[in-house]
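The primary structure of each chain is shown beneath.
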Amino acid sequence: MPLRDELRHEVPYGAPQLDVPVQLNVNENPYGPSAETARDIADAVHAVATSLNRYPDREATVLRTALADYLGHGLGPDRVWAANGSNEVMQQILQAFGGPGRTALSFAPTYSMYPEYARNTHTRWVSGRRDDDFGIDVGAALDLIADEQPDVVVLTSPNNPTGTALDPAHARDVLEAAPGVVVVDEAYAEFRRAGTPTALELLDEFPRLLVTRTMSKAFALAGGRLGYVAGHAAMIDALRIVRLPYHLSAVTQAAATAALAHADELLARVDDLRRGRDELAARLTAGGFTVAESDANFVLFGRFDDRHAVWQGLLDRGVLIRETGPDGWLRVSVGTPTEMDAFHRALEEVTQR
Ligand code: PMP
């Protein structure tokens, strides 16, 4: 098969999709939309169903306006772009600003899809290291940026799989030093703890900053596939060059716009999940585990001599978490109180703690 050389022996990315009772492995929101929100989404989809013979609004203006309103910070639709998940947004960013002869850089451990976006867009990928607390060692980061002169730097805040938020002073240092685009991936921003700022605050000051978000987590819309990015209008315009025509279906646009109208209800659930995250971290700490500080809807904990055995033991008890991140650590998403009880019970059995 005449497959591209760099794709030979590669396997498709993805966590196991197993049908088990307690699924805490992909940082989904455990609460589906309420009956009222679901009805409004269905009504909105029904309203566009009769005109599905027509292509959708290529510019997704209604949705981008709603996203800009939600983000605030003085943003308008010309400064927000949307695509099928923040995965697609990030791929478009590398299509526009990466590419052959260009370099993208991030700091591991971080989201494992980034190198794949780089591979798919023929962008050279460079990975720096995070420090022992999973924060960015800003001195080492600035040295690496000076050496590599990356076209794109990706910072993740809160970071996946560690939950670590970006120190705003470090964000500023990187933005001042980076010669190209800086992307702050804020997929989990709504779960951040009080006092943790968002990089949206830096947008007016740094025109080459892009801040990506998603409706997959806080908005309980992982199945709807809607990610978005905020930036300078000229940067957003550049993304429009590489997008496929009509990339965002009329159904997606309608469903996401309807869900956004219920932001208050969905964000109230986020408050529950933030409390659940803090309880989860406290209980794991009390159980003698090492727990990475988290501003997200998941917690990285350990350390295990044989993490696979612990992961398997939990799965055998109907609890699916994620074997990811540095060796010896496991990641668990925040679920409902009932799911959390099942997780803790299974963990106690497996680890005898
Ligand atoms: N960024 C980070 C850091 C993530 O963890 C994820 C999903 N796990 C994504 C982006 C992609 O999310 P989506 O495509 O569903 O918006």
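Residues numbered from 1 in each chain as written. Predicted model: local features only at pLDDT ≥ 70, side-chain atom pairs only at ≥ 80, totals over all residues.

Notes on the pairing of strand S4 (residues 124-129)
Look at any regular strand and the pattern is simple: side chains alternate between the two faces of the sheet. Where strand S3 (residues 103-108) and S4 come together, six bridges link them in parallel fashion. Counted as the bridge partner of Ser106 is Ser127 from S4. On the question of chirality, the crossover connecting S3 to the parallel S4 by way of helix H4 (residues 114-120) is right-handed. (Pairing = 2+ DSSP bridges. Helix = DSSP H or I, 4+ residues; strand = E, 2+ residues; numbered from the N terminus. Right-handed = clockwise from strand over helix to strand, strands pointing away.)

Thoughts on the UniProt feature "domain: Aminotransferase class I/classII large" (unreviewed entry) in the protein
According to UniProt, the feature "domain: Aminotransferase class I/classII large" (unreviewed entry) maps to residues 22-346 in the numbering used here. Between the first and last C-alpha atoms of residues 22-346 the distance is 11 Å; the span itself is 41% helix and 16% strand. (UniProt positions renumbered as here; feature names shortened; annotations may be inferred.)

Some points on the site of the ligand
Gly85, Ser86, Asn87, Thr214 and Ser216 are the nearest of the 13 residues found near the ligand. Of the residues forming the shell around the ligand, the biggest block, three residues, is contributed by helix H3 (residues 85-97). For the shell around the ligand, the residue count by class is three nonpolar, nine polar and one charged. (Near = placed C-beta within 6 Å. Nonpolar A, V, L, I, M, F, W, Y, C, P; charged D, E, K, R; others polar.)

Focus on the packing of helix H2 (residues 61-71) against helix H8 (residues 250-260)
Relative orientation of the contacting elements H2 and H8 amounts to 30 degrees, with a least axis distance of 9 Å. The orientation of H2 with respect to H8, classified from their angle, is roughly parallel. The two elements H2 and H8 meet at a crossing, and its hand is left-handed. The segment H2 lies against H8, with Val62, Leu63, Ala66, Leu67 and Tyr70 engaging Gln253, Ala256, Thr257 and Leu260. For the contact of H2 with H8, the per-class residue count stands at seven nonpolar, two polar and no charged. (Axes fitted to C-alpha atoms, helices over the stretch in contact; angles between N-to-C directions. Parallel < 35°, antiparallel > 145°, perpendicular 65-115°, else oblique. Left-handed = near helix turned anticlockwise from the far one by under 90°. Contact = placed C-beta atoms within 7 Å.)

Overview of the pairing of strand S6 (residues 181-185)
Of all the five residues making up S6, five are buried; the element is thus mostly covered by neighbouring parts of the structure. When strand S5 (residues 152-156) meets S6, the two strands line up parallel, connected through five bridges. Residue pairing in the sheet places Leu155 in a bridge with Val184 of S6. Between the parallel pair S5 and S6, the chain is carried across by helix H6 (residues 168-177), and the sense of this crossover is right-handed. Bridge count for S6 against strand S7 (residues 209-214) is four bridges, and the pairing is parallel. Residue pairing in the sheet places Val182 in a bridge with Leu209 of S7. (Buried ≥ 20, exposed ≤ 12 C-beta atoms within 10 Å, placed from the backbone.)

Digging into the sheet that holds S3
On the basis of which strands lie adjacent, the open sheet formed by seven strands has the order S2-S8-S7-S6-S5-S3-S4 and mixed pairing. Two strands lie at the open edges of the sheet, namely strand S2 (80-83) and S4, each paired on one side alone. Averaged over all pairs of adjacent strands, the angle between their axes in this sheet comes to 25 degrees, without regard to strand direction. As paired strands, S2 and strand S8 (residues 227-231) are joined by four bridges and run antiparallel to one another. Its bridge partner lying in S8, Trp81 is registered against Val229.

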